[in-house]
Amino acid sequence: MSTPTLYLPRDSRLHHLHPLTKLALIGLAIVAGATLPVTLWVIAVYLLILMPLAAWGKVLPAFLRSSLLLIWPFALSLTLIQGFFAPGEHILLQLGPLSLKLEGIQLAADYTARILVWLSAVILLMLITRPDQLMLALTERGLPRQIGYIILTALQIIPRFQQRAETILDSQRARGLETEGNLVKRLRALVPLVAPLILSSILELDERAIALEARGFTRAGPRTSLTTLKDTAPQSAFRWLSLIVMLLLILARAAGWMTA
Amino acid sequence: MDRLKREFSTLTIVLIPVAIALNIAIGTLVLNLKVPLYLDSIGTVLVGALVGPWAGAVTGFLASFVWTLTGLFPQAIAWVGVAAIIGALAGAFRSGDWWEKWWKSILAGLITGVIAAILSAPIAAYVFGGVTGSGTDALVALFRATGLDMLGANMAQGVVSDPIDKAVTFFIIWAILRALPGRLKARFSGD
Amino acid sequence: MIRLERFSFTYPGEDQPALSDLSFEVPAGQFYGLVGPNGAGKSTLCYALAGMIPHYFKGTLSGSLTVAEIDIAQSSLGELAGTIGLVFQNPFNQISGSRFSVRGEVALGLENLGVPRDQITDQVDETLEQSGLADLGERSPFALSGGQQQRLAIASILVMQPAVLILDEPTSQLDPVGTSEVYALLHQLVGQHETTVLIAEHKLERLAEFTDNVLVLNQGRLLANGPPKTVLTDPLIEEIGVQPTRYTQAARQARARGLILKKDEFPLTLQDAQEFFDDAAV
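Residues numbered from 1 in each chain as written. Chains lettered and ligands numbered in written order. Predicted model: local features only at pLDDT ≥ 70, side-chain atom pairs only at ≥ 80, totals over all residues. Heavy atoms only, no water.

## So, the domain arrangement of chain C
Residues and elements named next belong to chain C. What the domain assignment reports for chain C is domain 1 (2-232) and domain 2 (245-282). Just the C-alpha atoms count here: the centres of domain 1 and domain 2 sit 34 Å apart. Each partner contributes to the interface: domain 1 provides 6 residues, whereas domain 2 provides 7 residues. When domain 1 packs against domain 2, the two sides together hide about 630 Å² of surface, and 62% of this comes from carbon and sulfur. Joining domain 1 to domain 2, the criterion identifies 2 salt bridges. Between Glu 205 and Arg 246 there is a salt bridge whose closest N-O contact spans 3.5 Å. Scanning the region where domain 1 abuts domain 2 turns up 2 residue pairs in polar contact (both at pLDDT 80 or more). A per-class count over the side of domain 1 that touches domain 2 returns 4 nonpolar, no polar and 2 charged. (Domains from an automatic or database assignment. Contact = heavy atoms within 4.5 Å. Buried area = accessible area lost by both parts, 1.4 Å probe. Salt bridge = Lys/Arg side-chain N within 4 Å of Asp/Glu carboxyl O. Polar contact = N/O pair within 3.5 Å; in protein donor to acceptor, adjacent residues only side chain to side chain. Nonpolar A, V, L, I, M, F, W, Y, C, P; charged D, E, K, R; others polar.)

## Considering the domain arrangement of chain A
As assigned here, chain A comprises domain 1 (13-129 + 239-255) and domain 2 (143-203). The gap between the C-alpha centroids of domain 1 of chain A and domain 2 of chain A is 35 Å.

## So, the interface of chain C and chain A
With 43 residues of chain C at the contact, the number on the chain A side is 36 residues. The junction of chain C with chain A conceals about 3400 Å² of combined surface from both sides, 57% of it contributed by carbon and sulfur atoms. The three residues of chain C that bury the most area against chain A are Phe 92, Phe 100 and Asn 112 of chain C, which together make up 23% of that side's buried surface. Summed over the shared surface of chain C and chain A, the number is 1 salt bridge. Between Arg 215 of chain A and Glu 105 of chain C there is a salt bridge; the shortest N-O distance is 2.8 Å. Joining chain C to chain A, the criterion identifies 16 residue pairs in polar contact (both at pLDDT 80 or more). Classifying every residue of the side of chain C that touches chain A gives 23 nonpolar, 15 polar and 5 charged.

## Concerning unusual backbone geometry
Residues and elements named next belong to chain C. In this chain, Ile 53 is followed by Pro 54 through a cis amide linkage whose omega measures 5 degrees. Along the chain, the position of Pro 54 falls in helix α2 (residues 52-55). For Glu 169, which is not a glycine, the phi torsion comes out positive at approximately 45 degrees. You can see Glu 169 is positioned in the loop between β7 (164-168) and α8 (176-193). At Glu 194, a residue that is not glycine, the phi angle is positive and equals roughly 55 degrees. With respect to the helices, strands and loops of the structure, Glu 194 is situated in the loop between α8 and β8 (196-200). The class for Glu 194 is exposed, based on a relative accessible area of 61%. (Helix = DSSP H or I, 4+ residues; strand = E, 2+ residues; numbered from the N terminus. Buried < 20%, exposed > 50% of the residue type's maximum accessible area, 1.4 Å probe, protein only.)

## Quick look at the sheet that holds strand β2 (residues 19-26) of chain C
Within a sheet, adjacent strands bond to each other through the backbone by hydrogen bonds, running parallel or antiparallel. Residues and elements named next belong to chain C. Reading across from one edge, β2-β1-β4-β5 is the order of the 4 strands in this open sheet, with antiparallel pairing throughout. Bordering the open sheet on either side are β2 and β5 (70-71), each of which pairs with just one other strand. The sheet contact formed by strand β4 (residues 60-67) and β5 spans 2 bridges and is antiparallel. Paired with Val 67 across the two strands is Ile 70, which belongs to β5. (Pairing = 2+ DSSP bridges.)

In C-alpha cells:
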C-alpha cells in the first residue's frame, strides 16, 4: 500500500525549491494559459515553460505521459463537439445535416491548449512537491492546521478504504449478490456494498478522535514543527514578482489590452 | 460562529478525511460496477447530513483538492465550488424533516442534483469548452444537435445525469442515518 | 499516582452505571493489569483514567478520580495530553495519518505540545530507538506490519514522556510475535522511566509475567485487587467469564483427577507449572 499521490522523489534543484515558490511557478503558468489571447502563445507555455521545468525537475517522461493521457479525451470530444456544432463558415467536411467547420476546429484547439496548460501545470506541481511539505508551507502561512490534517490523512487512508471496498465486494459476491447482469440488479447490489463500508467507518471515528486528543490535537497554545522548509530571499522576491505578473495578466485580459 | 464551532468538533475533523476517502473508494468502485452513477459525493453528503451545512461544504471543498492530489481526477479542482454546495445542501436539508422519510431524501437528492447541474454547466462550458472527456459528452453532442447552445446543452446533460446520481446517493445516506443509533447522531451535530 | 474514590460513571441515556463505586490506588512506577469479561467496563475505565471521560464522552459521574495529582474532571484534554498517555487496540485508528513518515508521526504529539524543535528531534530519536523503530523512521506509517504499527502507536504516546500510561488491550489484534514486541517495550519502559502503567488485557500469561498487581472488573465493579499470582489463579475469575491460563486449567484438572498437591497455589505461567508438577505427586 502506498500513498496515492503523483509525487516522484528526485534530487533536482526544482524539488528543493520552497513549496510556495513551486506554487507560484505553477500559478504563473495557469494564469498565462488562461489569459493569453493567442492559441499558439498558450501552446508555447506548455512547450517552453512547463516542459523545460519538468525536465529540470527530472520528471519529464512522467509529465508527458500524465498530461497527454489526461488531455486526449478532451481533445477528441472538443474536436467533435466544437468542430461540428460551433458556428462557422469554412466547411471542411459535410456529413448529412452536420458539417465540420474550420472555426470549430480552431476553437477546439484553443480550448484543448488551455486545458492542457492548466491541468499539466497542476500535474507538474504534484510530481515535484510532497503534499505534506506543501501543506506545511501553507500551515506556516496561516492555513488552519486542521485542513492540513484532513487533506493528508484522506490521502493516506484512501488505499485502506479501497481495499475494504474490494473485500466487501468479494464477500458479497461470495454470498451470491449479483454485481453482474442487468441494470436493476446492479443498482440493487449497490446498497449492500456501500452501506457496510460507510457504517463501519463511522463506528471507528471515536477511536480516531481519541487518538488525536491523546496527542494534544485540541490543546490551546502555539505549535512547533519537526521539519523545516528552506526558504531564501530570492525565492520570496520571485513569489512577489509572480503575483504581480499574474495580476497584470488578469488585468490586461479583463481590460482588453491583449488581443490577438 | 457558534454553529461553526459546534460543527467542527474533533469528531467532525476525523470524520471529514474518512468521508473523502469514502468518496474516492466508492467512486472508483462504482466505476467498475458499470452503473450510470458516480456516487463520488457520497461521503460529502454523509457529512452534510450528519453534521451540518458548513462541515458538508468543507468536505466537498477539500475532497476536490484530494481528488486532484491523488492524480486520479486532476480536473476536480475546477468543480470545487459545486462540490462544496452539494455538501452544504445536504446539510441544509437537515432543517425541515427532509432526512426523516425515504422519499423526502430522494426528493432532496433530486433537487440537489438539479442545482448541481445548473452550477456545473457554466464551468463545463467556459473552462472545458463544453466537454468533460467522458461518456456524457455524447449527450452534450445530442443536445447541441437539437439546437441548444453550449451552456444549454451542458445544463441539459447535467439535468439528465446528476439528479439520478444524487437521488441514489441521498437515499443510501438516508438508509445509513436510519441504521445509526440516535445518540451517536446527536454527537455529530452537537444538537 | 492514580487514585479513585467511590468513582462512578453512567453513559447518557443508560440506567446502569458503566463504572460503579470504584476505589483503588496505583502507586507511582507500578505496572498494573486490568482484567474482566467483555462489557465489564475495562475500556470505560481506561477512557476515564485518560480523561476521555468526561471530556470526550459525556455522562454522569460521581466520586473522585485523580491521576498524577490532577483532578481529571476539572482538567481538559489539552492539559492532560502528554501527562497521561492512552493506547488502544486498533493501530490503524491510532495513526493520525497526517504524517508521511514514522518519524513525523512520532513527532506529532510534541509538535502539538509546542516543544522546541531540537528537543523534538532528540526525543523522537530516543523513542524510535527504544521502540525498535529506528531503522523505519523514514517509512510511511502505513507500510508497517501490525506489530510495528502498534509499537508506533505506543511510541507516539511515549515520546511525550507521560507520567502514566493507560493501555486498552493493545495486543488484541497482534500475533504472538507482535505481542512479545509490545510487552518487551513496556517492560523496558517501566524499568527505565518509572512510568506508571495500567494495561487492560485478555492474555493472562503476559500479565502474570509483567505486572505488579491486577485489578478484576465485572459489571463495572471492582471484584479483586492483588498480586497476579493470587488474583489470576482464583476460581472467581472463571466464574465471571475470564479464561484462566492453560497452566492453571491443567493443574485444576489434574487435581480434580486425583493429583495430590503439596502447595495450595495453582500455577499461572509455564515456569510455575514446572515447579508445580515437580512438587506434586500422584
